[in-house]
Structures are given as structure tokens and as C-alpha cells.
Amino acid sequence: MKATELENKRFDKALDEILDLFNNLEQDKPVIQFGDDVLDNIERAKEKYGDETIDERINKLVQEMLAWLDLDDVDSDEQEEETVDDD
């Protein structure tokens with residue numbers, strides 16, 4: 001079954017809208033900027049030990065490192081939003 005000229009135009013218009021939406025999306029910013037060598041080693045470790053194991057270990061290491069820091073006087077964006085919503 002072939003598309004009519006009208007169907008082709010509608011498809012083209014819809015595709016243009018989808019591309020426009022995609023191009024206007026906010027870019028996702030990584031929380032941590034790993035160096036290329038670290039990223040390479042993470043990928044290699046994931047191949048050998050699996051994604052879940054490496055993700056879990058990296059999360060534990062970062063959590064322990066952050067536990068050494070005094071962060072009690074810093075509000076996260078989520079806590080600020082909760083406070084605003086409660087008012």
C-alpha cells in the first residue's frame with residue numbers, strides 16, 4: 001500500500017515537529033566529569049564483572065567519600081522544592 005501525497009506531507013510535517021522537539025530538549029549534564037581513562041576502565045570493568053556489580057561498587061565508594069564531607073549546611077534542590085511545596 002502506497003502513501004498518498006497528502007499522507008506524505010502529513011508525515012513530513014510530523015517528522016519536522018519531532019525533530020524540532022528533540023533539538024530543543026535540555027541537555028543532560030553528567031553529575032561527575034570522569035576522565036577518558038577512567039571511563040575506559042569503567043567500561044572494561046563492566047564487561048568483565050557486569051554493569052550492576054560495577055555500578056554498585058562505584059556508588060558505595062562515592063557514598064563513603066561523601067560521608068567524609070560536612071554537608072549539613074547545604075540544602076539540595078529537592079529539599080528546597082519540598083519546603084516551597086509545603087508553604
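Computed from a predicted model, the values in this text were never measured in an experiment. (Residues numbered from 1 in each chain as written. Predicted model: local features only at pLDDT ≥ 70, side-chain atom pairs only at ≥ 80, totals over all residues. Heavy atoms only, no water.)

**What to know about the overall build of the chain**
What counts, and what does not: Secondary structure elements follow DSSP: runs of H or I no shorter than four residues count as helices, runs of E no shorter than two count as strands, and numbering proceeds from the N terminus. Think of it in three bands: with a 1.4 Å probe and only protein chains considered, a residue is buried below 20% of the maximum accessible area for its type, exposed above 50%, and partly exposed in between. Per-residue accessibility takes into account occlusion by the displayed protein chains alone, with areas from the Shrake-Rupley method and a 1.4 Å probe.
Of regular secondary structure, the chain possesses four helices and zero strands. Tracing the chain from N to C terminus, the helices and strands come up as α-α-α-α. The buried share among the 87 residues of the chain stands at 3%. Of the roughly 9200 Å² that the chain leaves accessible, carbon and sulfur atoms contribute 50%.

**Looking at the side chain of Lys 46**
Quick reminder of the rule: In this description, contact between two residues means that some pair of their heavy atoms is separated by no more than 4.5 Å.
Inspection of the secondary structure assignment puts Lys 46 in helix H2 (residues 36-49). Those residues in contact with Lys 46 that sit more than four places away from it in its chain are Asp 51, Ile 54 and Asp 55.

**Some words on the confidence of the model for the chain**
Note the cut-off: Values of pLDDT, ranging from 0 to 100, describe the predictor's confidence in every residue of the model.
Summing up the model confidence of the chain, the mean pLDDT is 86 and the portion of residues at 70 or higher is 86%. Confidence scores differ between elements of the chain, with helix H4 (residues 77-86) showing the lowest mean pLDDT of 53 and H2 the highest of 97.

**Observations concerning the environment of Asp 55**
As for its position among the elements, Asp 55 is in helix H3 (residues 51-67). You can call Asp 55 partly exposed: its relative accessible area is 33%. For the pair Asp 55 and Ile 42, spaced 13 residues apart in sequence, the C-alpha to C-alpha distance is 9.1 Å.

**Some words on the packing of H2 against H3**
Definition in use: Angular values range over 0 to 180 degrees, each being the angle between N-to-C directions of two axes fitted as lines to C-alpha atoms, with helices fitted over their stretch in contact. Put simply, angles under 35 degrees are roughly parallel, angles over 145 are roughly antiparallel, angles from 65 to 115 are roughly perpendicular, and the rest are oblique. Each residue gets one label: Ala, Val, Leu, Ile, Met, Phe, Trp, Tyr, Cys and Pro are nonpolar, Asp, Glu, Lys and Arg are charged, and the others, such as Gly, are polar.
Running from N to C, H2 and H3 point in directions that differ by 130°, and their axes come no closer than 7 Å. Accordingly, the angle class assigned to the pair H2 and H3 is oblique. Of the residues in H3, those touching H2 at Ile 42, Ala 45, Lys 46 and Tyr 49 are Asp 51, Thr 53, Ile 54, Asp 55 and Ile 58. Looking at side-chain class alone, the contact of H2 with H3 contains five nonpolar, one polar and three charged residues.

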